[in-house]
Amino acid sequence: MKRLLLSIVVAVSVCSAPSAAQQQSSAVAPTVAAPTLTEVQRLQVQTLAQSIEIAQLRAQQAQRDFNQAREQLTTLVQSLQVPGFDLDLQTMTYTKKPTPAEKK
């Protein structure tokens, strides 16, 4: 979360950095106070940053669930192997494996 917020702050700082021409004109112009975020704006930024983090965590959990289900399916299919037969996962039926004489 802190890395994400730091990235957002750096990106905003880079985007709002004054150009050389602006820096020269500000040397002549009177000093202007830096703008500040309102409480609502600050809360909006925090809320959206947290939403991104939550979405990332959910995606990571979904990937873990997917990997676990895939491992369970692989284990189950391996346990259902019957010598001389192939298990067709589309039809959920066994089909007899062709013998080497039948292949020719």
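Structure first, text after, so check above.
Everything in this summary refers to the structure shown in the same document. (Residues numbered from 1 in each chain as written. Predicted model: local features only at pLDDT ≥ 70, side-chain atom pairs only at ≥ 80, totals over all residues. Heavy atoms only, no water.)

Overview of the overall build of the chain
Then step 1. Of the regular secondary structure elements, the chain holds four helices and two strands.
Then step 2. Starting at the N terminus, the α and β elements of the chain follow one another as α-α-α-β-β-α.
Then step 3. Going through the 104 residues of the chain one by one, you find that 3% of them count as buried. (Helix = DSSP H or I, 4+ residues; strand = E, 2+ residues; numbered from the N terminus. Buried < 20%, exposed > 50% of the residue type's maximum accessible area, 1.4 Å probe, protein only.)

Regarding the pairing of strand 1 (residues 85-88)
Then step 1. Sheet topology note: the strand 1/strand 2 (residues 93-96) ladder contains four bridges and is antiparallel. From the neighbouring strand, D88 faces strand 2, where its bridge partner is T93.
Then step 2. Hairpin remark: strand 1 followed by strand 2, antiparallel, with four residues in the connecting loop; positive phi at M92, about 60°. (Pairing = 2+ DSSP bridges.)

What to know about the pattern of salt bridges
A side chain of one charge can pair with a side chain of the opposite charge if their charged atoms are brought near each other.
Then step 1. In this structure the tally under the stated criterion is two salt bridges.
Then step 2. A salt bridge links R42 to E39, with the shortest nitrogen-to-oxygen separation between them at 2.4 Å. Of the two residues, R42 and E39 are both situated in helix 3 (residues 39-79); the distance of three residues between them amounts to about one turn of the helix.
Then step 3. Since its relative accessible area comes to 46%, E39 is described here as partly exposed.
Then step 4. One salt bridge connects K97 with D86, and the closest N-O pair in it is separated by 3.9 Å. With K97 in the loop between strand 2 and helix 4 (100-103) and D86 in strand 1, the pair connects residues that are eleven residues apart, well separated along the chain.
Then step 5. For D86, a relative accessible area of 34% gives the class partly exposed. (Salt bridge = Lys/Arg side-chain N within 4 Å of Asp/Glu carboxyl O.)

Any functional reading would require information that these geometric values do not contain.
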